[in-house]
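# What the coordinates show
Spelled out, the chains give:
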Amino acid sequence: MDNKNRASTLMRKTLMAVTGLFLCFFLVIHLLGNLQLLLPAEQAKASFNSYSQLLSGNIFIKIISYVLYASIVIHCLDALIITLKNKKTAGRYAVDNRGKASKWYSRNMGILGTLILIFLVFHFRDFWYQYKFGSLPKDESGHKDLYAIVVAAYHDWWYVLFYVLSMFALGYHLLHGFYSAARSLGLYHPKYVSWVRTFGTGYSYIITIGFAIIPIYIYLTQHVLWN
Amino acid sequence: MKLYLKIWRQSDAASEGKLVDYELDNVIPHMSFLEMMDTLNEQLVLKGDRPVEFDHDCREGICGQCGMMINGQAHGPIANLTTCQLHMREFKDGDTIYVEPFRALAFPIKRDLRVDRSAFDRIIMAGGFVSVNTGQAPEANGIPITHEQAESAFDSAACIGCGACVATCKNSSAALFTSAKISHLAKLPQGKMESRKRVLSMVKQMDEENFGHCSNTEACEVECPQQISVLNIARMNWEYSLSSVLKK
Ligand code: HEM
Ligand code: SF4
Ligand code: FES
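So, here's what we can say about the structure.

Calculation notes
- Residues numbered from 1 in each chain as written.
- Chains lettered and ligands numbered in written order.
- Predicted model: local features only at pLDDT ≥ 70, side-chain atom pairs only at ≥ 80, totals over all residues.
- Heavy atoms only, no water.
- Donors = N, O, S within 2.8 Å, 3.2 Å for Na, K, Ca; no water.
- Tetrahedral: all angles 85-135°; square planar, octahedral: opposite > 155°, others 65-115°.
- Helix = DSSP H or I, 4+ residues; strand = E, 2+ residues; numbered from the N terminus.
- Buried < 20%, exposed > 50% of the residue type's maximum accessible area, 1.4 Å probe, protein only.
- Contact = heavy atoms within 4.5 Å.
- Buried area = accessible area lost by both parts, 1.4 Å probe.
- Salt bridge = Lys/Arg side-chain N within 4 Å of Asp/Glu carboxyl O.
- Polar contact = N/O pair within 3.5 Å; in protein donor to acceptor, adjacent residues only side chain to side chain.
- Nonpolar A, V, L, I, M, F, W, Y, C, P; charged D, E, K, R; others polar.
- Near = heavy atom within 4 Å.

## Observations regarding the coordination of the iron atom of ligand 1
All names here are of chain A.
- At this site the iron atom of ligand 1 is bound by H75 (NE2) and H173 (NE2), with donor distances of 2.0 Å.
- Angles of 86 to 179° at the metal separate the six donor atoms of the iron atom of ligand 1, which places the site in the octahedral class. In this pair, H75 sits in helix 3 (residues 59-89) while H173 sits in helix 7 (residues 157-184), placing the two residues 98 residues apart along the sequence.
- Assessed through its relative accessible area of 14%, H75 is described here as buried.

Shown next as structure tokens:
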């Protein structure tokens, strides 16, 4: 019926998994960099700004960033194709208790992904776009003062809340996504399957808490306690 | 006990179906779910109504013919059980029970609770044949197979093709069924020889039958009467990628 769509269901899932895992890898680097924001304000400013400058000039990081943009686009498009196909093939019941047999977040990867995408639009607008195309003030060492932008962004509690909730959407996406990707790529040895599951759970917790704690910390230390 | 049944009635694939209310008295807790349906049908026939059609054969949990969505769960409320092995003692007097057919784009409804699962047969056919001498029993140790290998292949071969995995999957994916068939043959030396070709053609057929993408929710393993492991799916994915890459 639907055979204009040449790639097999399994190839599409492989593509999801590869792009998803690249995004997972990127999140680790991104988090490690951002942890500098948890330093005392003066130190954080110097360290974070010079780090940002360093990254923006590095050819290796440039390549990674193009792979990153491509991964996001391919992951989202493939997600859309998969989700639409699944909507079409799925049976619908008058009374449906199938949810008892699986985790809610495993059944709602499309919705969680959409939440992440909405978040990414704001995230790119407020930091990535500002850094690349905005006119940023310079700090004492002559680096673009991204730190000031970050601190200013978390001025409002509702913005911080939006960030934290988005990180939970990401967290649940990862909680299913990480091990699902390993399965899609064909990891079937029972021992390593259970290792990967444990690792994926730990990974998801660290990423979620790590990213969520930064806006809360900045909001509390820079906006609530000092003003 | 007395039951209030809401059963899907549909006269053929082309027509619209709907849930119809029935009351059934004197249900004995020891009855199987299918015996309860028989009792209802007896009453319908005596009244001159058309009985509710449903698939069944062995009634001992081995053929995979029976299959109903009972209160929104494949094969009813108990995990890892066929409908024929579900007993009325799992329900209470006065319960309302919804009975629907297994649904999927790939499983058209033939009538009432009876669905066309021939897509499964076509997936198996796409796998081709294994050359096994079916004459005299061959020498048992002619082909060395370890006990663990045999057990593992048998675990995959235990799939009875009931379709609960598809019915319970939010995407109506046939990944568990197809992967069980692929793994069962790939795990034994007789089937391994052609496993590369087999996985490609079975997956192609699976897609042509309009089953969905597997999301690894693992609901299928929970509802599968044979507890076929989701790791079969991972093995299929591995065999598929490898075979696609190595294909000449
Ligand atoms: C930082 C961002 C993201 C990361 C790290 C990520 C990671 C992953 C991973 C590892 C998987 C598992 C792949 C598999 O099941 O084989 C996955 C699946 C999925 N992702 Fe993402 N993803 C991200 C963003 C998004 C976005 C923005 C969307 C949607 C627009 C999205 C939609 C999906 C969907 C629908 C699936 C499930 C596919 C399925 O269950 O069949 N993801 N993601
Ligand atoms: S894998 Fe399990 S649920 Fe699916 S058809 Fe086989 S026996 Fe039935
Ligand atoms: S009738 Fe054979 S398994 Fe239920």
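## Points about the interface of chain A and chain B
- In this complex, chain A contributes 41 residues to the contact, which on the side of chain B involves 43 residues.
- Taken together, the two surfaces of chain A and chain B that pack against each other cover about 3,600 Å², and 54% of this comes from carbon and sulfur.
- If you sort the residues of chain A by the area they bury against chain B, L10, Y93 and Y188 of chain A come out on top, with a joint share of 19%.
- The interface formed by chain A and chain B contains two salt bridges.
- Notably, a salt bridge pairs R183 of chain A with E218 of chain B, separated by 2.8 Å at the nearest N-O pair.
- Taken together, the links from chain A to chain B amount to 27 residue pairs in polar contact (both at pLDDT 80 or more).
- Residue assignment for the side of chain A that touches chain B shows that the elements contributing at least two residues are helix 1 (9-34), helix 3, helix 4 (104-107), helix 7 and helix 8 (190-224) of chain A.
- If you tally residues by element for the side of chain A that touches chain B, the top one is helix 1 of chain A, at six residues.
- Class assignment of the residues belonging to the side of chain A that touches chain B gives a composition of 15 nonpolar, 14 polar and 12 charged.

## Here's the deal with the site of ligand 2
Residues and elements named next belong to chain B.
- Taken together, 14 residues form the shell around ligand 2, and within it C159, C162, G163, C165 and C224 come nearest.
- Looking at the shell around ligand 2, the elements with two or more residues in it are helix 4 (164-168) and helix 5 (175-186).
- By residue class, the composition of the shell around ligand 2 is 11 nonpolar, three polar and no charged.

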